[in-house]
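Secondary and tertiary structure notes
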Amino acid sequence: MCDHLVRVVTEDGQLRAAAADTTELVREICARQQTDLTATVALGRLLTGAALLGCLLKGSQRLALMIEGNGPLGRLMVETDADGSIRGKVQNPVAGLPPRGDRFDVAGAIGHAGFLHVIKDLGLKEPYRSLVQLQSSEVGEDLAWYLTHSEQVPSCVALGVELDAEGRVAAAGGFLVQALPPGDAKQLDLLESTLRELPPTTSLLRQGLTPERILQQVLGPQPLAVQQQTRLAFSCPCNREQIGNMLAGLGNDELSAMIAEQNGAEVNCDYCQETYHFSGAELEALHS
Ligand SMILES: [Zn+2]
């Protein structure tokens, strides 16, 4: 089954929810980023969180989530769009931290102090930007805090990445539940106590449950209306033209220096690790 996301509303219109299986894309992006185990779990959670928050995007709208903490991972950045294309990167892919008991030390790897930035390009003149302080640095709680306090939509977020004995991604996924206006936060409190009884999302995925079935387990017996299913996949929109524009933006002096020193340039995309080669003559053509 391909990675995908399902979005539903409860029949009484009080809650909206989304669940996602992100196993393949987390596997692929973490392989490209060469993350160690703790970094895989941290980046995998942020990728899953972006997929869930991205389910409300439309048309050419884009969403980016960035976490900047004082831990060894440095900056984590994830981007997605309305079509379910996702890319992500981490500044330092090796957290180098031992697990704490049976859990990976995601909060230690991200750092206990720092910010979650949310940037939405909704096709308006300026992108919407918001930032909140990290709460627990476990990613899911930080996203829930942002949604509840900054967007003022009471929300509960569960994100999971499970690794097998060899350290490969066995399952990744999560869900988001939001109280719709007039917004009865009590419903979410009730939900949170139900959630404590539920096995982790990744166990449900490993049992073969689809995102839709997971939402049924989370939301109980009430009827759900499926609003949308979106395929999720890693995709990097970088291209030669964009990289050329970036090089041109460095200015004529910098371009001349690159021609004189190496008769060309090599630019690596931080997201997909694609390398773009520009010859001296191609750099010459970028001069303004
Ligand atoms: Zn790229």
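Quick summary incoming for the structure in this document.

Reading the values: rules and limits
Residues numbered from 1 in each chain as written. Predicted model: local features only at pLDDT ≥ 70, side-chain atom pairs only at ≥ 80, totals over all residues. Heavy atoms only, no water. Donors = N, O, S within 2.8 Å, 3.2 Å for Na, K, Ca; no water. Tetrahedral: all angles 85-135°; square planar, octahedral: opposite > 155°, others 65-115°. Helix = DSSP H or I, 4+ residues; strand = E, 2+ residues; numbered from the N terminus. Buried < 20%, exposed > 50% of the residue type's maximum accessible area, 1.4 Å probe, protein only. Core = buried A, V, L, I, M, F, W, Y, C linked by side-chain atoms within 4.5 Å. Contact = heavy atoms within 4.5 Å. Arc of directions from axis to C-beta. Phe/Tyr/Trp six-rings, centres within 6.5 Å; stacked < 30°, edge-to-face > 60°. Lys NZ or Arg CZ within 6 Å of the ring centre and 35° of its normal. Pairing = 2+ DSSP bridges. Axes fitted to C-alpha atoms, helices over the stretch in contact; angles between N-to-C directions.

Moving on: the coordination of the zinc ion. Geometry reference: four tetrahedral donors at a metal, ideal angle 109.5 degrees. Six octahedral donors, ideal angles 90 or 180 degrees. Surrounding the zinc ion are the protein donor atoms C236 (SG), C238 (SG), C269 (SG) and C272 (SG), which sit 2.2 to 2.3 Å from the metal. Taken together, the four donor atoms surrounding the zinc ion define angles of 104 to 116 degrees at the centre, an arrangement classified as tetrahedral. One chain supplies every donor to the zinc ion, and in sequence these donors are spaced C-x1-C-x30-C-x2-C. Highlighted residues: C238 in the loop between β11 (233-234) and α8 (240-248) and C272 in the loop between β12 (264-268) and β13 (275-279), separated in sequence by 34 residues. For C238, a relative accessible area of 14% translates into the label buried.

A separate point is the nonpolar core. Residues L73, L76 and I110 are the most contacted members of the largest nonpolar core, which totals 69 residues. With 10 residues, the single largest contributor to this core is helix α2 (residues 37-53). Leaving out residues up to four positions away in the same chain, L76 has contacts with A42, L43, L46, L65, M66, I67, K89, V90 and I110. Listed in part, the 21 residues of the second largest apolar core include V6, A19, L191 and L209.

A few words now on helix α9 (residues 252-262). Along α9, the positions that sit buried rather than exposed are L255, M258 and I259. The arc that holds the buried residues of α9, viewed along the axis, is 100 degrees, so those residues lie on one side. Exposed positions of α9 whose direction lies more than 90 degrees from the buried face are D253, A260 and E261. Trailing α9 by a residue or two, N263 shows a phi angle of about 45 degrees, which is positive.

This brings us to the packing of aromatic side chains. Per the counting criterion, the structure on display carries zero aromatic pairs. The ring of Y271 carries the charged tip of R87 above its face, separated from the ring centre by 3.7 Å. Just above the ring of F278 sits the side chain of R240; from NZ or CZ to the centre is 4.3 Å.

Sheet architecture is open: six strands sit in the order β7-β6-β3-β4-β5-β11, paired in mixed fashion. Of all strands in the sheet, those with a lone pairing partner are β7 (128-133) and β11, marking the two edges. Across two bridges, strand β5 (residues 85-90) lies against β11 in parallel orientation. Within β11, the position partnered with S85 by the bridge is A233. Each of β3 (62-69), β4 (75-81) and β5 touches α2; the most contacted strand, β4, lies at about 30 degrees to it. The sheet strands contacting helix α4 (residues 140-150) are β3, β6 (114-121) and β7, and the helix crosses β7 at an angle near 115 degrees.

Moving on: the environment of V8. The topology assignment puts V8 in strand β1 (residues 4-10). Beyond its immediate stretch of four places on either side in the chain, V8 contacts L15, R16, A17, L215, L219, L224, A225, V226 and Q227.

Of the two faces of β13, only one is covered, namely that formed by Y276 and F278; the face formed by T275, H277 and S279 stays uncovered. Pairing of β12 with β13 involves five bridges; the strand directions are antiparallel. Pairing of V267 across the sheet is with Y276, part of β13. Two successive antiparallel strands, β12 and β13, enclose a turn made up of six residues, where Q273 displays a positive phi of approximately 70 degrees.

Below, the discussion takes up the sheet that holds strand β8 (residues 155-163). Pairing within the open sheet is antiparallel, and its five strands lie in the order β8-β9-β2-β1-β10. The open sheet is flanked by β8 and β10 (224-231), the only strands paired with a single partner. Across the sheet, the axes of successive neighbouring strands diverge by a mean angle of 10 degrees, strand direction being ignored. Judged from the six bridges that link them, β1 and strand β2 (residues 15-21) form a sheet pairing that is antiparallel. When the sheet's bridge partners are listed, R7 is paired in β2 with A18. Contacting β1, β2, β9 (169-179) and β10, helix α7 (residues 211-219) crosses the sheet at an angle of about 135 degrees to β2.

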